[in-house]
Every structure is written in C-alpha cells, then in structure tokens.
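Observations on the model geometry
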Amino acid sequence: MWTGCANGLYRVQQSRLVPQLDEAEKPFEKIFCIAEDSDENLWLGTSEGMSQLRRKPFQSITRDDGLSHGNIASLVEDGGGNIWMGSVGGGLNCLGAANKQILIFDRGKELCDSVFAIAPRLGGGLWIGGERTLFRFSAAGAIDYTPALDLLACNILALLEDATGILWLSTCNGLRSFEKGVERHYGAGEGMPGERVRSIIEDSEGALWFGHENGLTQRKNGRFTTSTTRDGLSTNSILSLYSDANRDLWIGTAGGGLCRFHNGVIRSYGVRDGLPSDAILEVIEDGFDNLWMTTVRGVFRVRKGDLDKFDRGDISRISCLGFGKNDGMPSSQCSSVAKPAAMKSKDGRLWFATSRGVAVVDPSRFQKPTPPPKIVIADVIADGTRLEAQTSSSASIPILPGRGEIEFQFAALSFQAPEKNRFRYKLEPADHEWNDSGTRAVAHYNNLRPRTYTFRVQGCNSEGIWNETGASVALILLPHFWETTWFMGAIVAASILLVAAIARYLTWGRVRQKLAELQSQHALERERSRIAQDMHDDLGSRLTEILLVTDNIQQCKSHPERVGTQAQRVANVAREVADNLDALVWTVNPSNDSLPKLLIYLREFANNFVEPTAIRLRFDTPMEVPEIPLSSELRHNLLLAMKEALNNAVKYAECSEIRLSLQVESHQCVVAIEDNGKGFSPEDVAGSGNGLHNMEKRMRHVGGTFTLRSAPEKGTQIQLSIPLPG
C-alpha cells in the first residue's frame, strides 16, 4: 500500500511507513494524488507537477548494504544457500541464507584482499583464487593450499574442480591442474594453445571446455581439441562459456557476439542480428528457457526460442530485453575480471557481479502475462505539412502533389520503460519486408510515386511483448498534372507526331540533298559553260586582234616607223591575254575558294595592274580575315568588276593615288576602289559605255550590289558588295 502526504511518498510495509525516494535519491514533494497504470507504475501528482515511480526489476546489493567493496569479481552459492562474493580490494563477502547479513573475510582472517575466482569443492567448502594465492575455505576458515612457487607470481582468474576431483586453474601464465598435490602446466606442447584461459566449465558428459584468446578447447578422454574461426567461431577471443541441458554450448566472445556449439556446428549472433553488444562477458540461463548475458553496458535477456527461429529463418532479427542502472542495477558495468561473474541461485534468482555491487533479479516476474502495448500513429507529415493521422478511419488521407516526402511518427503506449520500446514498420506496396527501426519511433520516405499506400507499424514493450496487429493508416498521393493519365497520353501522342515530323524532315532532307547535288551539278555545268564562253569571247577576240595586227605589220614593211607601234600593240594584247588567262585559272582552282585567298589575289592583281604607272596604290584591309568559302563564280565576277574599276581609274581618272579597301561586315564583303582623280557626274555618263553597266550586272548576277559615288574634281568611289555564305 502506498500513501502520499505533505511530507512525500511512503510505502506501508509490515505495519510501518517506509519513505520512498525519487530517481535522484531525494524525497518527493507534497503528494496530492496517486494512480497506478497497467504496467504497475505509480503516477504521482505533486506540487511540482507529475512524476512517475517505476517498479524496478533488479535489486542492488552495495556497500550501503554492508559489502566491503563495490567491485565484485565472482559469485558462488554454497550448499547451504549462502552467497559468496569475491571483491577486488575488499576480500571475501558472504550473504548468509538465514539472517541475510553480510560477513566480510579479509587478510585479517588469513585471506587475501583481492578475491578473483571462487569455485565449490566436492567435499564441501570453497576454492578461493586471489592475488597470487590459492586457498581452501571451509567453515573452519581459510587454509593456504601452498601451490608451486611459480604460481605465486600470478593472479588466478578461473577455478573448477571437475567430477574426478582434479582442480583446474587459469592464471596469467597459462592453464594448470592439481591432482593429489601434483601440479601440471598445459601449454601448446600439451595441446592447449591459449595462455590466458578466461573461462572453464564441465558439461553433462564430463568433458571440460576452456575458452581463451586463441579459440575454444575441449578436453575429453585426456585429449585436447581446439576450434577456431576456421571451424565457424566468429572470433578466437573467448570470454565466457555456458553448457545447458540441451547439450548446447554457449560461447561469449570479445567482439564476435554470441556463438552456439551444437553437434559440431557453430552458429553466431551479433549486433547485426539484434544483440545489443558483440562483447559477451558472461552467459547463464534462467528456468524459463531464456539466456541472460552481461556486457559493459548492462544485462540483456534473449529467448532461446527466438534464436531457434532465427536459425530457421522464421525471423530476420532477434529481440532482446535489456537492463541497466535505471532498472535497479547498481552499475551498468558488469564484471569481466574473473569467473564466475554471474550465477543462478537455488531459488531461481540470477546474480550478476558489477563494478559497484551485485545486481539480483527474479526472472519469474517476467513470466506474468503482459498485454501487448497499444500502438498509435501520432503524426503524418507530407512535404513538411502535418496531417491528421485518422488511424481509426478506413478512409484514405489525400496528399496534394509535392516532392513525395512523407514522415510517420508513432508510439507504443507502454510506460514501463518507454525508451526500450521497439518498432517495425512497412509501407505497402513500397516495402516488401518489415523494417526494424529499433527504438526509433519515426519512419521517413522520399520520392514516392503517386498512388495509394498503406503504412503499418507494430511495436513491443520493454519486455519484448509485441503487438502484432499494430496500427495502420492509408493515404493517396495525388499526382502532378504531368503525372496524370491524360498528360501521359498527350505525351505519347506528341511523341508520335514528333517521330513523324522527324521522319518527314529526314525524308525532306534527303530530297534537299538530292536537289542540292543536282543544283551543284547544274552549277558545275553552268561554270563550264561560262569558262568556255569567256575563253571564246575574251581569248578568241584577243587572238583575232593579234592576228589582225600581225597582218598590218606585214603590210607596213614600206613604212618602218609604224612597225614599232604595231609590235607594241601586239605585246599589250598578249599581256592582257596572259592576265586574263591567269585570272581564269585562279578562278577555277578549288584551293582558292576562300575569302583570305581572294584578298591575297586582289592585292597582287592590283599591284601588277598599277605598277607600270606613276599612280600610288594604297591598301586598307583588316588584320585577320575569316576563313569563309567563296564559289568560283562569285570570285570570278568580283575580280572582273574590280579589274574594270581599276582600268577606268588608270585610263580616265587622271589620278595620283588609288585606294583599295576590303571590309567584312555581317553576311557580306565590301570591296571599295577609290581614286583622287578628276571625277565626273554620274548623270553625264549614264548610257555611255558598257564598263559601269557590266560591273553592276556582274554584282547583281552573284546577288551583290554595285555603288558609284563621284563628282567633278572630287574623285570617284566604287563599292562592290558580295554576299557571304552562312
């Protein structure tokens, strides 16, 4: 019975009030009300708010209860039900079965200060292994066993008297045995590869097992056999051993978790499979088919049936029930100094040695039927927006189009140890298997596609009781418009149209390519015709002129003064024929089909044309000329037009300087021929002569322009503009 008053909380025990302290070992404030939940926790309404008083499954035995020292190394129960506890620095302690009083045996009573290992003797009493000492202990007191001198330099870590009466000792210098006063040492030569034996046990068939840093060694019929990682051990460093009634050997390792040796087959279980630690300091069994194991961070329990299910593949993860200081243990740091550091007493309770005392638990209290906790989905958060969970409704939650990011927050309504509640969840149909989230009560998903989903979650309380029904919530992720059926249909239709357009484009491209080839062939034929026509018109007429002049020379024999004039005329005509032929050859040469080559030729041509005269020639051209292709027809017409312009300037302008410039503008090239001669009025020469008309005609033929600027006494400027490809 509990009672609350202005002075705090009290428990009625044996007709007297016993004050109850809080977690900080301080009295509660003024109590207004008390309530008990389904987990037998007390909820207190105090002047400072609400407090919880949780029933702790473990009982602690510490220095406050009379222990000589908190650092307990080993535990043993004798035939009379007395619990013997060896401490590091405090000698031997005994908890009497009758009066529950603690007696202390130290050096003053012929015993060492540090007692590491304890083992029962066959004839009654105890073997005590301490700091470089070995004692036989009985009701009469401790008797020094006076072992070999080299043993006195070592601490004894484990003791066992087997069924034949041989005493086995583990020391820092290896394994030893005493039989009828004869001491033997076992090393690698005798079949024992490990020098530091951490655990010694005897199974139901009389075989001895030794766990050490180099593996697991069995002694049977006088022979040693060692198993290592090559035989299936998760690691060779062994800390503890336990043999159960099913002839299973349970092996606690340093870093490899728990191993089971059954019928020559070794299976291992570790953190990856659900265990809370891979360093197992001690292994014992309760009377309810459960294994209890100690670690540096507390004690945990696992059902042997769950290990069997895991081996068969029925479950993918092992459920464990963990305990620590919050559960009543004096410390979460369990002892690993010597053996045995854990035991089961005759009354079924389990005893564990820790760094600050002894932790005791009655495993039967966990066998009471405990209802599974209720599971609730507290929140659904979609793209940062909190939604109503509606777990009690069969209607689906609509979620507006977004990033497909959803978070579920859930809880198990068990307050016995809420920090130990565990969960597993899945989102159907995105998940095919359950996801084990451990104690994390949140699930997060990214990039979910629009469709209907059902989120399911199951949970268990701190005792591992699962609610298989759990809780669920349905939701519908609505699609963006581009994820809808009509939009996808439109995309398919557009794709078909695009493919058809591409096919038509490719077909039309082939037609255009064929047309271009025909046009190119036609242009080639036209160019051939032009060349033939030019050769006929120009070269033919010039050669005819040379013949006529030659005939005149023949007729001028009687007038020698005319022969020189006619000969000069023949030379001039021949020079013009050579120049025209050179221009024709340059025009039809494909290697000259570029703007830079045209500029070079125009400069050479102008220099050669003006050189015989006294006229000064100036060039104004850009430093860099782009590499633009030009057709032979365009180059030919531009060259002839420029030649005509230079010819007019030399013959008729009476100039002293001619300026030739070239500019490359957007999509056109402009060639300007400008002189400083007498000039003329374009209106006065309109219709007279073919030179200007021919230049304009040639530019128009290639898609260019012809521009004339002139005035009396102001010189003449002619601009020839031709289009550039691209």
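Here goes a summary of the coordinates provided.

Calculation rules
- Residues numbered from 1 in each chain as written.
- Predicted model: local features only at pLDDT ≥ 70, side-chain atom pairs only at ≥ 80, totals over all residues.
- Heavy atoms only, no water.
- Helix = DSSP H or I, 4+ residues; strand = E, 2+ residues; numbered from the N terminus.
- Buried < 20%, exposed > 50% of the residue type's maximum accessible area, 1.4 Å probe, protein only.
- Contact = heavy atoms within 4.5 Å.
- Areas by Shrake-Rupley, 256 points an atom, 1.4 Å probe, with all protein chains shown as cover.
- Pairing = 2+ DSSP bridges.
- Axes fitted to C-alpha atoms, helices over the stretch in contact; angles between N-to-C directions.
- Polar contact = N/O pair within 3.5 Å; in protein donor to acceptor, adjacent residues only side chain to side chain.
- Salt bridge = Lys/Arg side-chain N within 4 Å of Asp/Glu carboxyl O.

**Some words on the overall build of the protein**
Secondary structure assignment for the protein yields six helices and 48 strands. In the protein, which comprises 726 residues, the share counted as buried stands at 43%. Of all intrachain contacts in the protein linking residues separated by at least 6 positions in sequence, the fraction that spans at least 24 positions is 53%. Carbon and sulfur atoms provide 51% of the accessible area of the protein, an area that totals close to 38000 Å².

**Looking at the sheet that holds strand β5 (residues 42-46)**
Paired through their backbone hydrogen bonds, the strands of a sheet run either parallel or antiparallel. Strands sit in the order β4-β5-β6 across an open sheet of three strands; the sheet is antiparallel. The strands lining the two open edges of the sheet, one partner per strand, are β4 (31-36) and β6 (49-53). For this sheet, the mean inter-axis angle between neighbouring strands, taken without regard to orientation, is 20°.

**Examining the side chain of D379**
Considering the arrangement of structural elements, one finds D379 in strand β35 (residues 375-382). In this structure D379 comes out as buried when scored by relative accessible area, which is 18%. Of note is the side chain of D379, whose polar atom sits 2.9 Å from the side chain of R386.

**Re the pattern of salt bridges**
Under the criterion given, the structure shown has 29 salt bridges. We note a salt bridge from R247 to E205, for which the minimum N-O separation is 3.3 Å. Placement of R247 in the loop between β24 (238-243) and β25 (249-253) and of E205 in the loop between β20 (197-202) and β21 (208-212) is noted, with a sequence separation of 42 residues between them. One salt bridge in this structure joins E282 and K339, with 3.8 Å as the shortest N-O distance.

**Thoughts on the environment of L617**
Within the element layout of this structure, L617 appears in strand β44 (residues 616-620). Along the chain, L617 and S656 lie 39 residues apart, while their C-alpha atoms are 8.8 Å from each other. Excluding residues within four positions of it along the chain, L617 makes contact with A606, N607, V610 and I658.

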